Structure formats: structure tokens, C-alpha cells
Amino acid sequence: MQAPAGGSSAHLYIWDNRVLYAGPGTEARYRCYGSAALVVGIGGTLQVHRQSHAQEPVTARCCVITPGLPVYLGCDSPSLLVLFLAPFMHDLAVLSGHATRQRHGILSGLDNEDTLITLGEQVLTSRPPPRAVVAMLARLGLNRESRLEPAGVDPRVARAVGLLRSRRTQNITTENLASAVNLSVPRVIQLFRQYLGISAGRYRQWHRLHATTLAIASGQSFTQAAVGSGFSDLAHFSNTFHSMLGIMPSRLLRARGGVQFHIDPQLASEGFSTLTGINSTDSTLC
């Protein structure tokens, strides 16, 4: 995503389980999100294709990209909305019900496209507080609750996610995780793919990015935020951010570049470790 130019501004909303960007359009390049993402072109179209299917692009005003999918994303829209969805894919299931086309993990032809574009326009023009945006998302059928909702998820994978979130500074291996939740390694791999669409290691990196972004928005330096969230150093954070989001973090996250942060008040006061039951665990890693 390009840093704002010409006096325009970008807005980044941060909740426990979602992040929303609204602002200038992206640079055309590859990226690989760690969660499903709703992408909306506000005033133009998107051009999206899977890395392995460059000759079969999707052109649309709105699309949903499934998690862990290496995609090329370009757009001719002056403004863009990107909503990174809740990790357990409840949000993805809701939006999938509105899609009329699917190509290689990219959903398009959304029947609520006009509503989604209006949402993006409202966020850009009125700059609503996080609570108001949550209400807007609820009207789209996305759960109003700004916490993880593991209902319908295998409790062992929910517990494993809680461990990764609460101990993100530790390099927990899949073997460690399997032992902690009394599963085999192949079963852990299968359950993460089933309920999150990505591997346990990929989810850990994605949550670390989430936590680092929150820390930067709260006033920490890039280095403090990155190391405090489990990255070995600033370069490790920057490279991970770039590979997953297609842009260096210094271009997107510096407030002096025009980014305005909007943090959910409960997340700001309580942090990631106390908002959800799945994060409170006494499990011992073996």
C-alpha cells in the first residue's frame, strides 16, 4: 500500500481479530496474506490473480482472497479498503455466501458490492470510531463481537491458537504444539489447514505482525514493537511484513506519512492476552 500523497490520508483500524485499511490504492505486486481478506476498490477496479495462474486474472470492484494464497494485486482505484478477516474463517464463510464466482481461491461477483463500496467511502470520509465500524461490519453479517469466536472450532485447535497468541515471543514448533494439545503433528497440520487455512507457523507470523502493528500504533518504535512481538530484529519484521503484505512497513505505518490509527479501546486497555478465553491457558509446552 502506498503512503498517502497529495494530502490524502490512510486509516488503519485495529481490533483483536481483524484489521481494516482504508486509504490510497496499493502498489501492484505479489503478497501472501495470513488471513482471508476482503478487498474493495473505491472508485476503480482490482486486478487479481494467483501466482501460479497469471494468465487467469480476476477483474472486479470487490473480491475476497482466501488465506495463505500468493496473489498479485493491482488496482486502478484511487482508494482502497482491505479488511483482514477473523482467523477462524467465520467471516470468510459469511462473505463466501455473497460471492457468485470463485477462481483459484479468489471470490468475486459479490452480490453486496454496492454496500461494500459504500462502507469504504464512509470510512474514508467520516472517519468513524472503531465501535461504529464494528456496527457497520455487523450489518454485513460479520459478527459484532470484536473478539475471537471459536464456536464450531475443534477445541484443540482453538487451544493451540491461544498458545501461539499468548506466547508469540517463543518459537513454538509444530511438534511442541502437538504435544501441548495431545495431537499428532499431522493432525495439528490438518486442523490448522481446516480451520484457519494456513499452517501453525504461518499463523504465528501473522499474529506477530498484528501485535507489532498495534505496538507501533500505540507509540512504540519499530524496533521495540518488532522485538517485543517475537521478531528477532527489525529486519526480520520488515521482511515478513513485506512478503505478507507486499509493502515495507515503514511506508504504511509511519504516522507522519499520513496514516491515522484507530485502536479498539478494549484492545488498547487489555491487550491480546485477556480479550478471549482461548488466550488464557495454563498448558505446558513439552
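See the structure printed just above.
This section reports on the structure supplied with the text. Just so we're clear, the structure is a prediction, and the values are computed from it rather than from any experiment.

## Brief notes about the sheet that holds strand β8 (residues 71-75)
- Strand order in the open sheet formed by four strands is β3-β8-β5-β6, with antiparallel pairing between adjacent strands. Two strands in the sheet have a free side with no partner beyond their single neighbour: β3 (29-31) and β6 (58-60). With strand direction ignored, the average angle separating the axes of adjacent strands in the sheet is 25°.
- Both strand β5 (residues 46-50) and β8 contribute to a ladder of five bridges, which runs antiparallel. Bridge pairing in β8 links Arg50 to Val71.

## Concerning the packing of helix α7 (residues 200-217) against helix α9 (residues 234-245)
- Packing of α7 against α9 brings their axes to within 11 Å, and their N-to-C directions diverge by 110°. Compared by their axis directions, α7 and α9 come out roughly perpendicular. Our pair here, α7 against α9, has a crossing hand that is left-handed. Contact with α7, carried on its side by Arg202, Gln205, Trp206, Leu209, Thr212, Thr213 and Ile216, involves His236, Phe237, Thr240, Phe241, Met244 and Leu245 of α9 and no other residues of that element.
- Of the residues assigned to the contact of α7 with α9, the class counts are seven nonpolar, five polar and one charged.

## Concerning the packing of helix α4 (residues 155-166) against α7
- Interaxial distance between α4 and α7 falls to 9 Å at its minimum, and their mutual angle equals 45°. Relative to α7, the element α4 is oriented oblique. Here α4 runs over α7; the crossing is right-handed. Contacts from Val161, Leu164 and Arg165 of α4 reach α7 at Ala200, Tyr203, Arg204 and His207.

## Structural notes on α4
- End to end, α4 covers 16 Å across 12 residues, agreeing with the expected 16 Å (1.5 Å per residue, within 8%).
- Within α4, the full set of buried residues consists of Val157, Ala158, Ala160, Val161, Gly162, Leu163, Leu164 and Arg165.
- For α4, the elements touching its buried residues are α5 (174-180), α6 (185-195) and α7.
- Two to three positions downstream of the cap, the backbone nitrogen of Arg156 sits 2.8 Å from a side-chain oxygen, assigning the N-cap of α4 to Asp154.

## A closer look at empty space enclosed by the protein
- Using the criterion set out here, one finds one cavity of 30 Å³ or more in the structure.
- Estimates place the volume of the largest cavity at around 280 Å³.
- Along its surface, the largest cavity is lined by 21 residues, and Val19, Phe84, Trp206, Leu209 and His210 are the ones closest to its centre.
- Put simply, the parts of the chain that give the lining of the largest cavity at least two residues each are β2 (19-24), α7, α9 and α10 (249-253).
- The element best represented in the lining of the largest cavity is α7, accounting for six residues.
- For the lining of the largest cavity, a count of residues per class yields 14 nonpolar, four polar and three charged.

Here is what the cut-offs are and how they apply
- Residues numbered from 1 in each chain as written.
- Predicted model: local features only at pLDDT ≥ 70, side-chain atom pairs only at ≥ 80, totals over all residues.
- Heavy atoms only, no water.
- Pairing = 2+ DSSP bridges.
- Helix = DSSP H or I, 4+ residues; strand = E, 2+ residues; numbered from the N terminus.
- Axes fitted to C-alpha atoms, helices over the stretch in contact; angles between N-to-C directions.
- Parallel < 35°, antiparallel > 145°, perpendicular 65-115°, else oblique.
- Left-handed = near helix turned anticlockwise from the far one by under 90°.
- Contact = heavy atoms within 4.5 Å.
- Nonpolar A, V, L, I, M, F, W, Y, C, P; charged D, E, K, R; others polar.
- Expected span 1.5 Å × (residues − 1).
- Buried < 20%, exposed > 50% of the residue type's maximum accessible area, 1.4 Å probe, protein only.
- Polar contact = N/O pair within 3.5 Å; in protein donor to acceptor, adjacent residues only side chain to side chain.
- 1 Å grid on protein atoms, 1.4 Å probe; cavity = no way out; pocket = protein on both sides within 12 Å on 5 of 7 lines; lining within 4 Å.
- Points joined across faces, edges and corners; volume = space filled by probe spheres on them.

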